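Listed below are the residues making up each chain.
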Amino acid sequence: MLVLAIGVVSIGAGWVSGATRLVALSVMLVSVVALVWTAFVGGLETRRALAPYGLLKPGILWLSLFFLAPLWSMFQMSLSSKQSRFDFFPDFTWEWSNYSTALTDFAPQFTRSFSYAAIATVLTLLIGYPLAYVIAFRGGKYRTILLGLVAVPFFTSYLIRTLAWQNLLADSGPVVSLLNTLRLDTPLEWLNIMDNGRLMNTPAAVIGGLTYNFLPFMILPLYVSLEKIDVRLVDAAMDLYTTATGAFRRVVLPLSLPGVFAGSLLVFIPAAGDFVNAQFLGSPSTTMVGNSIQNQFLRELNYPLASAMSFVLMAVITCSVLVYAKFMGTDDLV
Amino acid sequence: MDTGDSVVQLDKVRKQYGSFVAVHEADFSIGRGEFFAMLGPSGCGKTTTLKMIAGFEEPTSGRILLEGEDVSDVPPHKRNVNTVFQQYALFPHMSVFDNVAFGPRSKKLNDTEVNRRVREMLDVVRLGDFASRRPAQLSGGQQQRVALARALVNYPSALLLDEPLAALDLKLREAMQIELKRIQREVGITFVFVTHDQGEALTMSDRIAVMSEGRVEQVGAPFDIYSRPESLFVAGFIGSANLLPGTIASTDGGSTRVDLAGGAQVVVPAGNSADNVSLSSGTRVTVMIRPEQLSLGGATGLSIDVTDTVFQGATLRLVGRMSNGTEVSAVLPVDPQRVTPVPGNAVTLSWHQSAPYLLDGWPDNAGSTTTNVDNVEAAL
Amino acid sequence: MATQKKNSTGRGTPLSRRDFIVRSGLVGAGALSLPALLAACGGGDGGGDGEALSLMFENWPLYIDEETVALFKTASGIDFKYTEAYNDNNEYFAKVQPSLSAGKKIDPDIVAPTFWMAARWIQLGWAQKINMANIPNSKNLRDDLANPSWDANNEYQMPWQTGIAGIAYNAKTTGRELKSVADLFDPAFKGKIGMLTEMRDTLGLVLMSEGKKLDSIKTFDDAASAFDKIEKAKADGQIRAFTGNDYTDDLSSGNFAACVAWSGDVLQLSKDNPDVKFYVPEEGGTSWYDTMLWVAGSENGSAVEKWMDYVYDPVNAARITASVQYISPVKGVQDALSDMGGDAAALAEDTLLFPDAATIARLQSWGALAEEEEAKLDERFAAITGA
């Protein structure tokens, strides 16, 4: 299995070529034949021992082909250098400067991505928690319908939803008009949410778009964890001399933390890499790292730099998730 | 124990949901240090009554007094009573210690005091070594004791227990019954105990309130309730009984003669009747004779055809039918010297003259009641 | 001009542009995966040989009328396949690059890169010389488009359609007429100015407003001052967004008071919203065009020649113009339109389709840029547009 996976990765990544590739292929072939042979001819014990690996096979192959191989290839690319602008086959030269370029030239984009994603995560939590709470505890027979409504936006394309926001937030659009009528424009202006009488193409619009688009990813895991909580625990807490608020703080909230954790990850990770909201709702001052990576890949054709940026993005996300997991102590939860 | 030093008093408490009456004018009081059971089949209103005492439900009318004070509309967290919930409702994210410390911490006691009380109470329930465990790491019986400690640590005026043993297997239940009694003696707090298991109620309680369809049928000590039930329901629900419908033929001096539907006549001694029976001839009554009060043989008695015999170790349960089809059961001592009846035999069952007891009216299903279904379920 | 075509055709509806955005978004999503996977595109053998000629033209979406393809098939007997997969110069370049740079064929025989991208293809050796002798109608090519510096002998490409970039404004929002690029930097329009992500148009207008000649721009340093000006306007919040052709919505809704724009879009837009106006700035507008380029490796040269000859016939060209409403590179189209009568005849009078001599005099085009310098310009522009 391992041999097979390595083989797929190496061929997929263009790691080996020519004669080596032939050798790798035949090694893989032999290992597959050997596996099948043992599965049919081998003793019962052998077959039993092999069964779990057999079940893992589709998963491992899938991951090798569509995750590990591209990942490896991208890693290699991120350390390659181009001889000229239209050198389409960069050479692998341990070009670490791609990483320093990614970090120095695109520091504002990285900072923006993570701060926008973090703000959006907090906002989805603030909006999603009460909603999930009400559905889980007060939804009664309407639970399914209410959850369905939460998921309804998914039926429309992500892009279409974001484009619809362009119209909603337009300078003469309904939102700005309403805010003006309510005389909320001045305080919002003061809070830096509105800029010069507009909402579109501001950081607020981008964060708003992220919040809106990823809200269901927060609500659904929150709902799952809240729904599992035995309401009698609240009774028990209140029986033990605590108020409804205290019961929420000491019992419901801690028990829903796995949902908060899962929801935050499901929102933060894609939001940090998002480029759609910044592209359609933002301005040149709100571009996120996703836009930059897209630009480097598709327009500048600077694959090494784009790969390096992707790796930095991945690394920062992975680290922040690990820190967050440590901080939340979710593994300690039942 | 009635009014003198009552901890909990229900004053014509009624609870109605829409047109459905869950509790009809419950009116009784529970004394200090008493082990009090509310017993009845599911849906009889016993849990609703308990929730009203705890404060989770508000009475539609009537008052609930706690230590003499009207608490009818006081929220649960301000009532000095604590509940042991049916599935214990332990906080899964907290250690045993933190579970038990929950109440004292809510009351803002200082850490030393919290620590002292929790340790003390964990010792009482014999879980001193388990303080740092999570509830999920404990057995059912241990969880039960944590729930007890969590409630008792607050020194409540009364401890309310909602079917506390229902989730345990039979062996553990029996052990926990004894354990509960011990703990109650040790802490001296009033226990109000809801159960549908009459055996449990009889074993553990000082007094029992038997409830049916929202009504309190009878309140009394286990022995009184068993030997002098006030209604057919109580007679049938507590223990097993042969309920034989009949009509009063005559009363002379003290004793009453009753003609049974099956043809036999039973003499009921004076005083052996429920308070509401009118002892005049022609009244429809039911004669109750407990199975263990019947014995084999004798000149006069009930003639029955044996349909079944069940060997139960020390005793033999014999089931048979009278000529009119009324089922009768008897619990007989096992005597190796004697021939045991087998199905198909005709035998006569007799009783001590003090055994028959009169109840008002006829039962829906005449015959013997055995262990009820709820009981069997609970045992499983 | 990369993304403009589809909106400005006779058939063009707002839906067509949305369609484009969705598609480009999907391409964008794919972009985050491996470049190696992009190599999966292309390849395959498209060329037929022997008696029946075949031809494939990959053009921008909604960039032709509904009849020409069928008419050409009938007239020539060529097995002609017309596709609309050319959506974006840079993205298309990225898509075909793995094949062409490895010397493999791609499916289409003719593609439609914009002139500067055509220059890059020629430079990279991805285009073949066309035998103009076999294209009699090539004499109809507008003189101003003949022999650009990057294709000095006009042997690699023929223009498909041309257009102008200038300034567009919403008179209702501005409250006055705009005639100069300097107006885009008027503080009164702070946060209401849009510019195009197409560097040659945005940068070109600013350069001309500084009095520079576009074909004299050879190095990054030549353009540095214009970059600074744009960057400062962005930092000041003067510029609200850099857009593709989605600027039309912003313009008609009033989000933009004014912006750098393409003539064809505004021609369409002003029909629905008379407040929206287009002007070729006094200091100069850019002229651009999309080409027809014979792709390296294609073996259908004679079919390519037949097609180019066909669409350079003024009558055929006029039919296309009537539908797509871009400025035709073909001489005689104005007369042919007049001859068609009806709506088409009205178009013959349109000053945006047939600019007057004074306007034409203000138009300039970019020359070819050295690879290194172009890279520097692109990089700086990307940094400013925030990508």
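Residues numbered from 1 in each chain as written. Chains lettered and ligands numbered in written order. Predicted model: local features only at pLDDT ≥ 70, side-chain atom pairs only at ≥ 80, totals over all residues. Heavy atoms only, no water.

1. Here we look at helix α7 (residues 199-209) of chain C
Residues and elements named next belong to chain C.
Argument step 1. The buried fraction of α7 amounts to 10 of the 11 residues, a majority that puts the element mostly inside the structure.
Argument step 2. Here α7 has its buried residues at M199, R200, D201, T202, L203, G204, L205, V206, L207 and M208.
Argument step 3. One or two residues past the end of α7 sits G211, with phi positive at roughly 85 degrees. (Buried < 20%, exposed > 50% of the residue type's maximum accessible area, 1.4 Å probe, protein only. Helix = DSSP H or I, 4+ residues; strand = E, 2+ residues; numbered from the N terminus.)

2. Section: the environment of I293 of chain A
Argument step 1. Along the chain, I293 of chain A falls in helix α14 (residues 289-298).
Argument step 2. Sequence-wise, I293 of chain A and P58 of chain A are 235 residues apart; in three dimensions their C-alpha atoms are separated by 31 Å.

3. A few points about the confidence of the model for chain C
Residues and elements named next belong to chain C.
Argument step 1. On average, residues of chain C score 84 in pLDDT, and 87% of them are at 70 or above.
Argument step 2. Mean pLDDT across the secondary structure elements of chain C bottoms out at helix α1 (residues 14-31), with 35, and peaks at strand β3 (residues 110-111), with 97.
Argument step 3. Confidence estimates for the predicted assembly give a pTM of 0.77 and an ipTM of 0.79. (pLDDT = per-residue confidence, 0-100.)

4. Some details on helix α8 (residues 220-235) of chain C
Residue and element names in this part refer to chain C.
Argument step 1. Here α8 contains 16 residues, and its C-alpha end-to-end distance of 21 Å stays within 8% of the 22 Å for a straight helix at 1.5 Å per residue.
Argument step 2. If you look at α8, its biggest bend is around 30 degrees, right at A226.
Argument step 3. Along α8, the residues that are buried comprise F220, A223, A224, A226, F227, I230, A233 and K234.
Argument step 4. Where α8 is buried, its residues meet β5 (193-196), α7, β6 (239-243) and α16 (371-385).
Argument step 5. In the stretch just after α8, G237 is the one whose phi turns positive, near 85 degrees. (Expected span 1.5 Å × (residues − 1). Bend = angle between axes of the 7 residues up to and from the residue. Contact = heavy atoms within 4.5 Å.)

5. Details of the pattern of salt bridges
Argument step 1. For the structure on display, the rule yields 39 salt bridges over all chains.
Argument step 2. Between E200 of chain B and R173 of chain B there is a salt bridge, and its shortest N-O distance comes to 3.6 Å. With E200 of chain B in helix α6 (residues 198-204) and R173 of chain B in helix α5 (residues 170-187), this pair connects stretches of sequence that are 27 residues apart.
Argument step 3. Taking relative accessible area as the criterion, E200 of chain B reaches 3% and is therefore assigned buried.
Argument step 4. Several salt bridges converge on common partners, so that one network encompasses R85 and E300 of chain A together with R120, R200, E374 and D378 of chain C. (Salt bridge = Lys/Arg side-chain N within 4 Å of Asp/Glu carboxyl O.)

6. Remarks on the layout of surface pockets
Argument step 1. Approximately 710 Å³ is the volume attributed to the second largest pocket.
Argument step 2. Elements with a contribution of two residues or more to the lining of the second largest pocket: β1 (80-81), α4 (97-105), α5 (107-138) and α15 (303-328) of chain A together with α16 of chain C.
Argument step 3. By residue number, the principal contributor to the lining of the second largest pocket is α16 of chain C, which donates 5 residues. (1 Å grid on protein atoms, 1.4 Å probe; cavity = no way out; pocket = protein on both sides within 12 Å on 5 of 7 lines; lining within 4 Å. Points joined across faces, edges and corners; volume = space filled by probe spheres on them.)

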